[in-house]
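Chains, contacts and geometry: an overview
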Amino acid sequence: MENTNSVLFNNLCDNQQVRLNVGQIFNVVPATHVGLAWDRIEGMILGLAVGDALGNETEGIAPAERIRSFGEIRDYHPRRSLGGLKIGLPSDDTQLAAWTLEHLNIHGSLVPDQLAEVFVSRRLFGAGSTIRQFIENMGSGVSWFQAGPVSAGNGALMRIAPVLIPYLREPSPSLWVDTALAAMITHNDTASIASCLAFVAVLWDVLGMNVSPESGWWAKRFIEVVQDVEDISTYKLASRLNSSYMWRFSEFLEYAVRVARENDLTTAQAESLTGSGAYLLETVPTVLSILERHGHDPEEAIIRAVNDAYDNDTIGAIVGAAVGALHGAERLPKRWKTGLTGRTGPSDDGRLFDLLEDARSRFGSREIAQFG
């Protein structure tokens, strides 16, 4: 399947159907992670699900208004119908990531047309406008590689993490091909595909770390990948900066990170400058700001994401995947893990945990990687 996807990707690029520059990363063999414990992979997926579940009840509320209405969110929303029980329920962020993991468990690697069919054949909780347009396009008979709108929304970035799992045993440059193809299914835009490639590179790197990186590393690594693969597209800001200037994606990320760093801005202060909605020019600076300041502390990083961001379930999911991969599931608070339903649909409690166990059986047992 790796060769098939590489041929497919090259053909799509030759026909200018992928909004991307094929940069140097596509020639890079990811480093082998010797001695990697499976707890780090569980941390990546559970961190994603926890961040999503903590945020999805208060998504789309300005941070200042949210704190006035709910106080600081540190646990799941209590369910009146369940006697005030605090349980973590998924949005489409967890669903799409879980279905991607299920797909990889079944096929062993990415089969993009079949993953696209999975996305359109199941009930989604609160899908965004770009995902809805993708589903409509697929329903009208458009091919999967033409169905993804040109959108710099964060709907591909939130679900991309599982794509790296099949490559843990045998790292290959095909990881980057699969990442790009998986991203373009729903969001065929240079900022989206570049963000997915950059985030997978970040996740891969932190899986190989035994200590937290210096704060400046997160943004540096993310931006260097974006610079390598972005095309010449430019974007107008939708944030409080109200700039009429058209920015290259990497150019704006560098600017936003520099302003936050030079002024020692908290996450909330940085968010007030850039915004923190579902637009990648808002999502990514917010994620990087949180990881720069709190990446060493998984609980605080996720708490800041779900309290200090407008699109807090998705930003919580992205931050959760990053700190979960770095620190492992054991470092995630027990109350969050035990309260997580593990649903991927309306009534399949525990399904996410089953998918992780299936993934461990399929991808986690190889002597060279010494998985625990």
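For every chain, the first residue of the written sequence is number 1, and numbering continues from 1 onward in sequence order. A pLDDT threshold of at least 70 governs which residues receive local features in this predicted model, and a stricter bar of 80 or more applies before side-chain atom pairs are shown or counted, although totals over entire chains, interfaces and linings include all residues. Computation of side-chain values: all heavy atoms of the structure, hydrogens and water removed.

1. Observations concerning the overall build of the chain
Just so we agree on the cut-off: Only runs of H or I of at least four residues qualify as helices and only runs of E of at least two qualify as strands under DSSP, and these elements are numbered from the N terminus. Here, Shrake-Rupley sampling with a 1.4 Å probe gives the accessible areas, and only protein chains in the shown set may cover a residue. Positive residues here are Lys and Arg, negative ones are Asp and Glu, while His and the chain termini are left out of the count. A single reference atom marks each charge: NZ on Lys, CZ on Arg, CG on Asp, CD on Glu.
Each helix and strand counted, the chain has 17 helices and four strands in total. About 14500 Å² of surface is accessible on the chain, with carbon and sulfur atoms providing 46% of the total. Across the chain, the mean location of the 31 positive side-chain charges is 4 Å away from that of the 45 negative side-chain charges.

2. Some details on the environment of A321
How we decide: With a 1.4 Å probe rolled over the protein chains alone, any residue whose accessible area is under 20% of its type maximum counts as buried; one over 50% counts as exposed, and the rest are partly exposed. What makes two residues a contact is simply this: any of their non-hydrogen atoms within 4.5 Å.
Its location among the elements puts A321 in helix α15 (residues 312-327). Relative accessible area serves as the criterion here: at 1%, A321 is assigned to the buried category. Considered as a pair, A321 and G47 are 274 residues apart in the sequence and their alpha carbons are 4.8 Å apart. Apart from the residues lying within four places of it in its own chain, the contact partners of A321 are M44, G47, L48, A161, F199 and L203.

3. Let's talk about α15
The line we're drawing: Any helix carries an expected span of 1.5 Å times its number of residues minus one.
Compared with the 22 Å implied by 1.5 Å per residue over 16 residues, the 21 Å span of α15 between its first and last C-alpha is a close match. Burial of α15 is extensive: 16 of the 16 residues sit out of reach of the surface. In the segment just after α15, G328 is the residue with positive phi, at about 90 degrees.

4. Concerning the nonpolar core
For clarity, the threshold we go by: For this analysis, a nonpolar core means a set of buried residues of the types Ala, Val, Leu, Ile, Met, Phe, Trp, Tyr and Cys, connected via side-chain atoms within 4.5 Å.
Ranked by internal contacts, the top residues of the largest apolar core, which has 120 residues, are F26, M44, L164 and I165. Among the elements that make up this core, the one with the highest residue count is helix α9 (residues 190-207) (14 residues). With near-sequence residues (within four places) excluded, L164 lies in contact with M44, L175, V200, L203, W204 and L207.

5. Quick look at the side chain of Q95
So the rule is basically this: Here a polar contact means two N or O atoms within 3.5 Å. Within protein one must be a hydrogen donor candidate and the other an acceptor candidate, and residues neighboring in sequence count only if both atoms are side-chain atoms.
Locating Q95 in the fold gives a position in helix α4 (residues 92-107). We classify Q95 as buried; its relative accessible area is 0%. Side-chain polar atoms of Q95 contact the backbone nitrogen of F125, separated by 2.7 Å. A polar contact of 3.2 Å, which involves the side chain of Q95, links it to the backbone oxygen of T344. Beyond its immediate sequence surroundings of up to four residues, Q95 is in contact with R123, L124, F125, T344 and G345.

6. A short note on empty space enclosed by the protein
Basically, it comes down to this: A pocket, in this scheme, is an open set of points on a 1 Å grid over the protein atoms alone with protein on both sides within 12 Å along at least 5 of 7 lines, while a cavity is a set where a 1.4 Å probe fits but cannot get out; residues line either one if an atom lies within 4 Å of a point. Grid points are joined across faces, edges and corners, and a volume is the space filled by probe spheres set on the points. Each residue receives one of three labels: charged for Asp, Glu, Lys and Arg, nonpolar for Ala, Val, Leu, Ile, Met, Phe, Trp, Tyr, Cys and Pro, and polar for the others, Gly being one of them.
In total, this model carries four cavities of 30 Å³ or more according to the counting rule given. The space that makes up the largest cavity amounts to roughly 50 Å³. In terms of lining, the largest cavity is formed by A49, A53, G88, L89, P90, T94, L340, T341, G342, R343 and L352. Split into classes, the residues belonging to the lining of the largest cavity amount to six nonpolar, four polar and one charged.

7. Here's the deal with the packing of α4 against helix α5 (residues 112-121)
To be explicit about the condition: As a rule, the C-alpha atoms of each element are fitted with a line to give its axis, helices using only the stretch in contact, and angles between N-to-C directions run from 0 to 180 degrees. What sets the label is the angle itself: under 35 degrees gives roughly parallel, over 145 gives roughly antiparallel, 65 to 115 gives roughly perpendicular, and the rest give oblique. Left-handed describes a crossing in which the near helix is turned anticlockwise from the far one by less than a right angle; the clockwise case is right-handed.
Two elements in contact, α4 and α5, have axes whose closest approach is 10 Å; the angle formed by their N-to-C orientations is 140 degrees. The angle between the axes of α4 and α5 places the two elements in the oblique class. Here α4 runs over α5; the crossing is right-handed. Across the interface between the two elements, L96, W99, T100, H103 and H107 of α4 pack against Q114, L115, V118 and F119 of α5. Split into classes, the residues belonging to the contact of α4 with α5 amount to five nonpolar, four polar and no charged.

8. Points about the packing of α9 against α15
Two numbers describe how α9 lies on α15: the axes approach to 7 Å, and their chain directions differ by 25 degrees. Judged by the inter-axis angle, α9 sits roughly parallel to α15. Handedness of the α9/α15 crossing: right-handed. The residues of α15 that touch α9, namely those facing F199, L203, V206 and L207, are I318, A321, A322, A325 and L326. Residue composition of the contact of α9 with α15, grouped by class: nine nonpolar, no polar and no charged.

9. Here's the deal with the pattern of salt bridges
For clarity, the cut-off: Salt bridges, as used here, are contacts in which a Lys or Arg side-chain nitrogen is within 4 Å of a carboxyl oxygen on Asp or Glu.
With the rule as written, the count across this model stands at 15 salt bridges. Between E300 and R304 there is a salt bridge; the shortest N-O distance is 2.8 Å. Here E300 pairs with R304, and both are found in helix α14 (residues 298-308), just four residues apart, close to one helical turn. Across the pair R343 and D349 runs a salt bridge whose closest N-O atoms are separated by 2.4 Å. Taking the relative accessible area as the measure of exposure, R343 reaches 24% and is therefore partly exposed. On the accessibility criterion, D349 (48% relative accessible area) is partly exposed. One connected set of salt bridges, linked through shared partners, spans E72, R74, E299, E300, R304, D308 and R335.

10. A short note on the environment of G155
Inspection of the secondary structure assignment puts G155 in the loop between α7 (144-147) and α8 (174-184). By relative accessible area, which is 8% here, G155 ends up buried. Note: C-alpha distance between G155 and T314 (159 residues apart in sequence) is 8.2 Å.

11. Digging into α9
Within an α-helix, residues lying three or four positions from one another point in the same direction, as the helix has 3.6 residues per turn. A rise of 1.5 Å per residue sets the reference length of α9, with its 18 residues, at 26 Å; its end C-alpha atoms lie 26 Å apart and thus fit the reference within 8%. Along α9, 17 of the 18 residues are buried, which leaves the element largely enclosed by surrounding structure. Its side-chain oxygen 2.8 Å from the backbone nitrogen of A191, D189 forms the N-cap of α9.

12. Some words on the confidence of the model for the chain
Going by this rule: How sure the predictor is of each residue is captured by pLDDT, a score from 0 to 100.
Looking at the chain as a whole, its pLDDT mean stands at 94, while 96% of the residues score no less than 70. Across residues 367-372 the pLDDT falls below 50, and counting only partners more than four positions away or on other chains, this stretch makes 23 contacts in the model.

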